[in-house]
Every structure is written in structure tokens, then in C-alpha cells.
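Coordinate analysis (summary)
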Amino acid sequence: MSTTTLAVLVPLLPFLGAVAGLLLGRTAPGFVRPLALLPTLAAAVLAVLVAVRQGGGKAIDTATELTPTGSVPIELSLHLDGFAALVAVLVGVVATCVQLYSTAYLREDPRYPSYAALVSLFTSAMLLVVYSGDLMVLLVGWEIMGICSYFLVGHYWETEAARSASLKAFLVTKLGDVPFLIGLFALAADAGSFRITGILGTVAAGGLDHPTLIALLLLAGVAGKSAQFPLHTWLPDAMAGPTPVSALIHAATMVAAGVYFIARLLPVFTASRAALLVMAVMAAVTMVGSGLAALAQDDIKRVLAYSTVGQLGYMTGALAVGDRGAAVFHLLSHGAFKALLFLGAGVIIHAAGTNSLAAMSRMDGLAKRIPDAFWTMTIALLALAAIPPFAGFFSKEAVLVAAEHTATGHERLAPAAAGWVVLTAGVLTALLTAAYAARLWLMAFRGRGAAAPDHGREPLAMTGVLWLLAIPSVGFGLAAGPLADWFDGRELSPTVTTSVLGTGAAVLGAVLTYALWQRATAKLPAVPAVPVTGAGAGGVEQPAVAAADSAATAAAESAAETPEVAEVTHEHPAVPAGPAPDPGRALLGPLHRHAADGFHLDAVYDRLFVRPVRAAAGLVRFLDREVVDTYVRGAGTGPRLLGSLVRRAQTGNVQSYLSALLAGAVVLAIATAVLANINAGS
């Protein structure tokens, strides 16, 4: 079987699995799990075969005209290079892990069949984006992912939080898609083709007439899809969906699509130095802002969500300095450890009965209850914090090296200012990343207080996936040398300067966080170690001091009441109440309140856009109902009144008709006489 045929099957198999799952979900529920898992697993295996055959060599291109348009043709084409081959492997592996994990995590969910089918469709759409060689076909996968995210984020549609989060994710990403679509058409008009190879050929020949405008229009769509400032606000709220969905969205699909799109079309962006500078500033603001916000979140999933925003900022920063190899290297590395982080967080939520870090910090011995999640989460957090020799260190260093080379003038593809912006923000973000990673680890696994509930070992389908993802989280960085040949041939190895800066900042952030956590813990009153059990768990209810405190923190209460927690935890154990040692408060000081609310960007957008739009809609509604409708009603009222007057004259009485006729004749006679006298006198 040819490589091209294998590549066609990769996105096709999950699509067929999704269709079959939707059709058979109700009538044959026994087939749901095999239909969810096996096509995705087969797609992952085929993606590996395609990558092995492609081998980082010359790109494989094939196309057939999809439909005649009369102008710019639309073709069903494949473009298989090193970038596409490796990203497809990531998508296939992570999607398989998510499907396997979900069979245990959502085993009691009545809507699991539709959930599994949508995950398969989501996977198929991302694989279509990865392999597509035509921008219009790529756009199809791009938009299908948006629809799937709407349904998956709103999986628990009974709650207002899930409904509003799914709608927000859909609308914010569509806000970016409008200029994105305009940019695609403008790009095709200049290049005369939607084929990626044709567009890149036009760019190389200097054939783009409006490179800056096109690049900025496309960048708006990427900012929405990849959650970059200022269109990043939907991603933290998307945590209202099931945790495995978060792993899929954050690690290997949707948010990675924007970064991958720029990597495929990087020459379009490098044709405009102004666009690269805008991209660098956007990446810098995203990195630093998300790092500060992550330090202030109580929900473990929101911490990881802001972490994703920041890591995507690193990738965008690498693209802003013209190094797509470093960007995709970090995309691959991040995909492995971020999937591990989210799936590990699901195990923690499954065991602890809450996604509140404050509540976990008041539980003793949680790490001993879930040793698999503890060790694998520790590995993933070390990779996230870019501590050597874990994968995140090598990929993040590749980004910093690319920024350093641009800043110092060794690479002239991008402005030096863009290099300095990305390098400065990258080092500062390394400190913040290590700080919030250490905070999460300390609050989740080093809690003190009531003993954490013991429910035995978690299902193998959940813990086995964690250890599988831990392997690339540890060792993928060692592939930095060979990976250079799969990309553009640029070195991806760290330098001494960036290693000292990045690792030094990370160690400083982690040590400072630990010291502040120790100080905060020392100030707390001692809490008796009493088991945490729910009313129906069959244990002894808490008579301890923690239970006596009737008011838990608002964050802990809201986290414990989410539908996901109620569905996947054992007997929904009670959340211990009381103060929690949070080093984030000391680190941020007066910024904490603002960072916890995402620096009030939602409120700003509400005042700048939502309220004016609603006011304008109200005005339009008023004009439609009170002005336009009044004229329409008046147009019918006038003839109706005239008709009623005429109807009154039609009495059917002959005497009345004769009287009116006589009166009319008299009036005419008098008028004739008057006119005759007037004429005679004149």
C-alpha cells in the first residue's frame, strides 16, 4: 500500500468510527467502545507508518481537483513533510490515549456514545488539517473542530457554566475566523491557488501584493484558535467540559492547529517584518499574562489551561523569530506532557472528589492514595517547568535559542526587536511556569489536614495511559538532534547562555514558591488527621475542626459541585473547609485578585463590545417594532378606515339612496348657478 493511500486512511478511519458510533450508539451500545478506540488506534498506527516512510525526506505531494470553480481551483491534496508526519503521530497517539482513558473515566456517563463519536470526529478533523495540502480543505477541518469543541465543552449542558463556556468558545473562535477567512481568500487571490505549494512558490517569487494585510488577517484567526491574546479568554472557561476533552484540545488538536498553520505558511508571515513584530508582542503578552493568571487559579484544570495558553505563546514566539522547527518541536513535546497533566488531573479529581487546589491542600496523604498519578504528574510538571533532562527543557530551550539568535543578529529572518521581546518574555515566563508548577504540586500532593479518602487503585485504563505518556515526557528531548533533519535543518540543541538563563529562572521560581509555601503552612493551625468521607460512603463523618468550620472557600465549593466531580468521583466525598497555604497569594501580592479574574479582560470586553452590541440590538428592535411596524400597520389601517366609512353608506335602504341622490343633485345645481353668476359678473 502506497504512502499516499495510508495517509488518506489516517483521517478517514476516525471519521468512519464517528459515523458508526453515532448510528449505533443507541441501538448497539456494546459496539460503542470498540468503535471509539479501534479506528483511532488504527489511525495512530498508520500515522506512525506514514512518518517512517516519509522519514523526514522530500515532501510528498499529491492532488486531484475537487470541484471546478471557474477561478481559483479547490483541490483535494495531501502535503506530507516532516512537520505533517510527526504532528499526525502526536494527534493519533494522544487521541488514542484519550479514548482509552475515557472508557474508564466516563464509564457511567449516559451520553458517552455521542461523546466518543465527537472525539473521533474531532481527531479526524485535526488529522485533515495536518495532512491537507489545500487551504480550503484545511478550512473544513478547522471549522469541524470548532463545532466539535462546542458540543464537547458543553457536554454537561445541564449547567449554566458548561452552556456559557461552549457558547463562548464557539463565538470567540468564530470572531477570529472571520478575518481568517478573508485572509485566505486574499492570499489565494494573490497566489492564484489554494494549494500550499503554489502559495509558497508565489511568496518565494515575491508575488504577494499585500503581505502585511494578509499576515495580520490570518494571525487573527490563529489568535482565536490557539488562544493567544486578546482572544484567549475562551480557553480557561472551556474547562467546564470533561477532563479528557481538555487533554485532547490542549495537547494535540484545536489550539495546536493555529501554531501548525503558521508553521506551514511561515514564508507568508516572514514576508512582512511588521507582522512578525506584532506576533512577537502578542506572544510575549500571552506568555507573561497567562503565567501570572495561572499562579492565582484555584481550579487545577484552570491552572493547566492558563499553562497551555503560555506554552502556545512560546510556540508563537518561535514562529515570530522565524524558526518553525523550534515551534513544532515544542508543540510535540508540550503535547505529550500536557496530555499527561490533564489526564493525571482527572485521576486526582476522581480520587479527591474536587478540582479545588485549596481543598486538596487540606487533605493529607493524597499522593499515597494515587501513586501512579503522583509520580507521572511529577514528571509532567518537571517537563512543564523545563527542568533538565525532561522533554520540556530541550523544546523550550530551542525557542529561547531561536530568539537569542534573532536578537543578536545571527539570524536576520525576523527583526532583532522581535527576538529581544520573545527572549525577555520567555525567560520571565520560565520563572512563572516553574512557580505555578511547584504551587500545583505542593498544594495537590503535600496537603495537611484530614486524611484523603482511600478508594483503592484507579482503573488500569486510566493509570496505564499516564505511564505511556510519561515516556515521551521524559525522553523526547533527546530527539532534538535527529528532529532537526525532519524540519528545516536548524539546530535544536540548547546553548550555554539560554540554558543558564532559562534553568536559572525556573529554579528560582520553584525555590521561591517552596519557601513561601513553607511559610504559609507554618502559619496554619494544626488540623486533626480525620478521614474525609461522604455521608453515603460508609465511613465515619468528620467531627474534626475542619468540619466544624461551616464555610468552605467559594472556590472549593464551586469546584466540588461541578457535574464532572459528581459523576466520576466515589460517593462524592465531602470537601474539607478552612484556610489553605497558597504561595500564589504571597508571590502576586496585590496582583492576585486581578490575576485570579484573568485581569478582568472579560469585563473589559463586556463593556467595550458586548454591552454596545446589546444596546445596538435593543435600538434596532425598538426601531423595528415601534417605527417600521408602525408604518406597516398604518399602511393597512388607512384603507381599513376608508372601507369602514364606505361600508356605513351601504345601508340597503332605497329611500336613503334617493335622498342622497336628490341632495347631490341640489348641491350640483346650486354650484352650477353660483359658477354661472361669477362668470357673468366677470
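Here the structure is a predicted model, which means the values were calculated and not measured. (Residues numbered from 1 in each chain as written. Predicted model: local features only at pLDDT ≥ 70, side-chain atom pairs only at ≥ 80, totals over all residues. Heavy atoms only, no water.)

**Side note on a nonpolar patch on the surface**
The line we're drawing: For patch building, the residue pool is restricted to those with more than 30% relative accessible area and no salt bridge; the joining distance is 9 Å between like charges and 5 Å between nonpolar side chains (Val, Leu, Ile, Met, Phe, Trp, Tyr). What sets the accessible areas is the Shrake-Rupley method with a 1.4 Å probe; for residues, cover comes only from the shown protein chains. Think of a salt bridge as a Lys or Arg side-chain nitrogen and an Asp or Glu carboxyl oxygen that are within 4 Å of each other. Under the DSSP-based scheme used, a helix requires at least four consecutive residues in state H or I and a strand at least two consecutive residues in state E, with every element numbered from the N terminus.
Nonpolar side chains collect at one region of the surface, where Val8, Leu12, Phe15, Leu16, Val19, Leu23, Leu24 and Phe31 lie side by side and expose about 700 Å² of accessible area between them. Tracing the sequence through the fold places Leu23 in helix H1 (residues 3-24).

**Re the nonpolar core**
Worth spelling out the cut-off: Side-chain atoms within 4.5 Å link the members of a nonpolar core, which is a set of buried Ala, Val, Leu, Ile, Met, Phe, Trp, Tyr and Cys residues. Relative accessibility decides the category of a residue: with a 1.4 Å probe and only protein chains considered, values under 20% of the type maximum give buried, values over 50% give exposed, and everything between is partly exposed. The contact definition used throughout considers only heavy atoms, calling two residues in contact when any of these lie within 4.5 Å.
Counting residues in each nonpolar core, the largest one holds 194 residues, and the members touching the most others are Tyr131, Phe261, Val268 and Phe269. With residues up to four places along the chain from it excluded, the contact list for Phe261 reads Leu135, Leu138, Trp142, Phe180, Leu184, Leu218 and Val222.

**Quick word on helix H18 (residues 371-384)**
To keep things clear, this is the line we draw: Multiplying one less than the number of residues by 1.5 Å gives the expected span of a helix.
For H18, spanning 14 residues, the distance from its first C-alpha to its last is 20 Å, which sits close to the expected 20 Å at 1.5 Å a residue. The complete set of buried residues in H18 reads Asp372, Ala373, Phe374, Thr376, Met377, Thr378, Ile379, Ala380, Leu381, Ala383 and Leu384. The inward-facing, buried residues of H18 contact helix H14 (300-320), helix H15 (324-352), helix H17 (366-369), helix H19 (391-407), helix H20 (416-445) and helix H21 (460-475). Positive backbone phi, approximately 60 degrees, marks Ala386, located one or two places after H18.

**A closer look at empty space enclosed by the protein**
Rules: For each structure, a 1 Å grid was placed over the protein atoms alone; sets of points admitting a 1.4 Å probe that cannot get out are labelled cavities, open sets with protein on both sides within 12 Å along at least five of seven lines are labelled pockets, and lining residues have an atom within 4 Å of a point. Grid points are joined across faces, edges and corners, and a volume is the space filled by probe spheres set on the points. Residue type decides the class: Asp, Glu, Lys and Arg count as charged, Ala, Val, Leu, Ile, Met, Phe, Trp, Tyr, Cys and Pro as nonpolar, and the leftover types, Gly among them, as polar.
Counting across every chain of the model gives one cavity of 30 Å³ or more. As a volume, the largest cavity reaches approximately 40 Å³. Taken together, 10 residues make up the lining of the largest cavity; nearest its centre are Arg369, Ile370, Pro371, Asp372 and Glu458. The element contributing the most residues to the lining of the largest cavity is H18, with three residues. Along the lines of polarity and charge, the residues of the lining of the largest cavity split into four nonpolar, two polar and four charged.

**Re the environment of Gly25**
Relative to the helices and strands, Gly25 is located in the loop between H1 and helix H2 (32-54). Beyond its immediate stretch of four places on either side in the chain, Gly25 contacts Val32 and Pro113.

**Topic: unusual backbone geometry**
For the bond from Phe229 to Pro230, the omega torsion is 5 degrees, close enough to zero to count as cis. Here the residue pair Pro388 and Pro389 is connected by a cis peptide bond, since its omega of 5 degrees sits within 30 degrees of zero. Tracing the backbone shows Pro389 in the loop between H18 and H19. In this model, Ala386 sits at a positive phi of 60 degrees, which is unusual for a non-glycine residue. As for its placement among the helices and strands, Ala386 is situated in the loop between H18 and H19. Given the relative accessible area of 7%, Ala386 is considered buried.

**What to know about the side chain of His334**
Take His334: it is sitting in helix H15. Filtering out sequence-adjacent residues up to four positions away, His334 remains in contact with His250, Thr308, Gln311, Met315 and Ala339.

**Considering the packing of helix H8 (residues 211-225) against helix H11 (residues 255-264)**
Convention followed: Angular values range over 0 to 180 degrees, each being the angle between N-to-C directions of two axes fitted as lines to C-alpha atoms, with helices fitted over their stretch in contact. In this scheme, roughly parallel covers angles under 35 degrees and roughly antiparallel covers those over 145, while 65 to 115 is roughly perpendicular and the rest are oblique.
The interhelical angle for the contact between H8 and H11, taken along N-to-C directions, is 150 degrees, at an axis separation of 7 Å. Regarding the angle of H8 to H11, the classification is roughly antiparallel. Between H8 and H11, the contacting residues are Leu218, Leu219, Val222 and Lys225 on the first element and Val255, Ala257, Gly258, Val259, Phe261 and Ile262 on the second. Among the residues forming the contact of H8 with H11, the class breakdown is eight nonpolar, one polar and one charged.

**So, the packing of aromatic side chains**
What counts here: Pairing of aromatic side chains requires ring centres within 6.5 Å, counting the rings of Phe and Tyr and the six-membered ring of Trp. Pairs whose planes differ by under 30 degrees are stacked, by over 60 edge-to-face, and all others tilted.
As enumerated under the stated definition, the model contains 16 aromatic pairs in all. Judged by centre distance (5.1 Å) and plane angle (80 degrees), the rings of Phe374 and Phe445 are edge-to-face. Placement of Phe374 in helix H18 and of Phe445 in helix H20 is noted, with a sequence separation of 71 residues between them. Overall, the relative accessible area of 9% leaves Phe374 in the buried class. Phe445 sits in the buried class, given a relative accessible area of 3%. Geometrically, the ring pair formed by Tyr605 and Phe609 is tilted, given 6.1 Å between the ring centres and 50 degrees between the ring planes.

**Details of the pairing of strand E1 (residues 60-67)**
On a regular strand, one side chain projects to one face of the sheet and the next to the other, so that they alternate. As a reminder of what qualifies: In this analysis, strands are considered paired if DSSP registers two or more bridges between them.
Direction of pairing for E1 relative to strand E2 (residues 74-80): antiparallel, over a ladder of seven bridges. Note that in E2 the partner of Ile60 across the bridge is Leu80.

**Describing the packing of H15 against H18**
So the rule is basically this: In a left-handed crossing the near helix is turned counterclockwise from the far helix by less than a right angle, and in a right-handed crossing that turn is clockwise.
Running from N to C, H15 and H18 cross one another at 145 degrees; their axes reach a closest spacing of 9 Å. Where H15 crosses over H18, the handedness of that crossing is left-handed. On H18, the residues touching Phe337, Leu340, Leu341, Gly344, Ala345, Val347 and Ile348 of H15 are Ala373, Thr376, Met377, Ala380, Leu381, Ala383 and Leu384. When the residues that make up the contact of H15 with H18 are grouped by side-chain class, the tally is 12 nonpolar, two polar and no charged.

**Details of the pattern of salt bridges**
The tally for this structure, following the rule as stated, stands at 13 salt bridges. Arg163 serves as the salt-bridge partner of Glu160, at 2.9 Å between the closest nitrogen and oxygen. Of this pair, Glu160 and Arg163 are both found in helix H6 (residues 160-191), three residues apart, which corresponds to roughly one turn of the helix. When its relative accessible area of 37% is taken as the criterion, Arg163 is described as partly exposed. With its nearest N and O atoms 2.9 Å apart, the salt bridge here joins Lys174 to Asp177. Here Lys174 and its partner Asp177 are both found in helix H6, three residues apart, which amounts to about one turn of the helix.

**Re the side chain of Lys338**
Note the following rule: Only four residue types enter the tally: Lys and Arg on the positive side, Asp and Glu on the negative side; His and the chain ends are excluded. Counted as a polar contact is a pair of N or O atoms within 3.5 Å, where, for protein atoms, one must be capable of donating a hydrogen and the other of accepting one, and residues adjacent in sequence contribute only when both atoms are in side chains.
Tracing the sequence through the fold places Lys338 in helix H15. Although buried, Lys338 forms no salt bridge, and the nearest oppositely charged side chain, Asp299, lies 13 Å from it. A distance of 3.1 Å separates the side chain of Lys338 from the side chain of Ser307, its partner in a polar contact. Each residue touching Lys338, except ones within four places of it in the same chain, is listed here: His250, Ala251, Leu304, Ser307, Thr308 and Gln311.

**Observations concerning the layout of surface pockets**
Empty space within the second largest pocket amounts to approximately 640 Å³. In terms of lining, the second largest pocket is formed by 16 residues, of which the most central are Lys168, Val172, Tyr605, Phe609 and Val610. Among the elements of the structure, H6 and helix H29 (601-649) are those that each provide at least two residues to the lining of the second largest pocket. Sort the elements by how many residues they give to the lining of the second largest pocket and H29 lands first, with seven residues. Split by residue class, the lining of the second largest pocket holds 10 nonpolar, two polar and four charged.

Everything listed here is a matter of coordinates, which is why it stays silent on function.
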